[in-house]
Amino acid sequence: MQNKDYLLPGVAAIFVAVISPIYWIGMSSPMGDFALGQDMLSLGFPDILFASILLLTIYIYLNLKNILNEQLNFNHIDLLVWIYAAINILWMSTLFLDVASALLPENDVIQNKETFLNIGLSMSIGAIVILGIIDLLIGILLLTKSTELPTLLKIFAIMSVIQGVLGITVVFAATLIFIFPITMIILAMFFLRKPESLEIV
């Protein structure tokens, strides 16, 4: 029997693992509707994907916090998860640039294109770095209790450290396109595992 209390977070993690690389690979493409410059100047399907990824990631991490609290009596990352959620919400606020671009006169959009792109890029880089620091801290805190945690959480902790290091470097952050979905799959497996196999501390 699956852990039905955490079925939805498990499904959400799988969904994010699928759509996240689709979005980011599309954003890195110089052509098409997903291209960064074009996406920043309009509202469209890429914006829905972006918002979905961030909102679902918040939902997944809040449920990770809950399952650690309830079933493992582990609350050492609670504050970090709340900060993680707040940073994702701030990152999602860059969608207001898309809204402004859609509502402002075309001439104003063209004149302010570079400003909009710089704001969006700066906020994105800042968010990735801060989230990287949080990932690193979450991983370290989990690893300090590794002997008391289930194997999947130990693997998640290692992946979290890797994500953190890559995010902080910025230069290698692009590899998160492939690392992050793996982390989500691991969390999905943890959420969907049999509840009786959880190690309660």
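Okay, so let's go over this structure.

Each value, and the rule that gives it
- Residues numbered from 1 in each chain as written.
- Predicted model: local features only at pLDDT ≥ 70, side-chain atom pairs only at ≥ 80, totals over all residues.
- Heavy atoms only, no water.
- Helix = DSSP H or I, 4+ residues; strand = E, 2+ residues; numbered from the N terminus.
- Buried < 20%, exposed > 50% of the residue type's maximum accessible area, 1.4 Å probe, protein only.
- Contact = heavy atoms within 4.5 Å.
- Phe/Tyr/Trp six-rings, centres within 6.5 Å; stacked < 30°, edge-to-face > 60°.
- Axes fitted to C-alpha atoms, helices over the stretch in contact; angles between N-to-C directions.
- Parallel < 35°, antiparallel > 145°, perpendicular 65-115°, else oblique.
- Left-handed = near helix turned anticlockwise from the far one by under 90°.
- Expected span 1.5 Å × (residues − 1).
- Patch = residues over 30% accessible without salt bridge, like charges linked within 9 Å, V, L, I, M, F, W, Y side chains within 5 Å.
- Areas by Shrake-Rupley, 256 points an atom, 1.4 Å probe, with all protein chains shown as cover.
- Salt bridge = Lys/Arg side-chain N within 4 Å of Asp/Glu carboxyl O.

So, on to the overall build of the chain. Along the chain, the regular secondary structure elements total nine helices and zero strands. In the chain, the succession of α and β elements from N to C terminus is α-α-α-α-α-α-α-α-α. Out of the 201 residues belonging to the chain, those deemed buried represent 46%. Within the chain, contacts between residues separated by at least 24 positions form 75% of all contacts whose residues are at least 6 apart in sequence.

What follows is about the packing of aromatic side chains. Tallied over the full model, the rule gives nine aromatic pairs. Here the aromatic rings of Tyr61 and Tyr84 are separated by 4.2 Å at their centres, their planes lie at 20°, and the arrangement is stacked. Here the residue Tyr61 occupies a position in helix α3 (residues 45–72), and Tyr84 occupies one in helix α4 (residues 78–92), the gap between them amounting to 23 residues. Using a relative accessible area of 1% as the deciding quantity, one classes Tyr61 as buried. Assessed through its relative accessible area of 4%, Tyr84 is described here as buried.

Before going further, it helps to spend a moment on the packing of helix α7 (residues 113–144) against helix α8 (residues 151–169). With their axes 7 Å apart at the nearest point, α7 and α8 run at an angle of 150° to one another. As the angle between them shows, α7 and α8 are arranged roughly antiparallel. Both α7 and α8 take part in a crossing whose hand is left-handed. When α7 is examined against α8, the residues Ile128, Val129, Gly132, Ile133, Asp135, Leu136, Ile138, Gly139, Ile140, Leu142 and Leu143 are found in contact with a partner set consisting of Lys154, Phe156, Ala157, Ile158, Ser160, Val161, Gln163, Gly164, Val165, Gly167 and Ile168.

Under the 1.5 Å per step criterion, the end-to-end length of α8 is 28 Å for 19 residues, consistent within 8% with the ideal 27 Å. On its buried face, α8 is in contact with α3, α7 and α9 (176–192). Looking one or two places after α8, you find Val170, whose phi comes out positive at around 65°.

Further remarks concern unusual backbone geometry. In this structure, Asn73 takes a positive phi of about 55° despite not being glycine. Here Asn73 lies in the loop between α3 and α4. Residue classification places Asn73 among the exposed positions, given a relative accessible area of 57%. The phi dihedral of Val170 falls on the positive side, at around 65°, and the residue is not glycine. Following the sequence through the fold, Val170 ends up in the loop between α8 and α9. For Val170, a relative accessible area of 36% translates into the label partly exposed.

Along the polypeptide, Ile182 turns up in helix α9. Placed 164 residues apart in sequence, Ile182 and Val18 show a C-alpha to C-alpha distance of 9.9 Å.

Where α3 contacts α8, the axes come no closer than 14 Å and their chain directions differ by 140°. It follows from the interaxial angle that α3 and α8 lie oblique. In terms of crossing hand, the pair formed by α3 and α8 is left-handed. Contacts between α3 and α8 pair Tyr61, Leu64, Leu68 and Leu72 from the former with Leu153, Phe156 and Gln163 from the latter.

With respect to the element layout, Ser160 can be found in helix α8. A relative accessible area of 0% means that Ser160 is categorised as buried. Separated by 22 residues in sequence, Ser160 and Ile138 have C-alpha atoms that sit 6.9 Å apart. In this structure Ser160 touches Asp135, Leu136, Ile138 and Gly139, once residues within four positions along its chain are discounted.

As a further point, take a nonpolar patch on the surface. Together, Ile14, Val18, Ile22, Ile185 and Met189 make up a nonpolar patch on the protein surface, roughly 420 Å² of accessible area in all. Of all the elements, helix α1 (residues 7–28) adds the most residues to the nonpolar patch, at three residues. Tracing the backbone shows Ile185 in helix α9. Accessibility expressed as a relative area gives 36% for Ile185, which makes it partly exposed.

Just distances and angles here, no functional claims.
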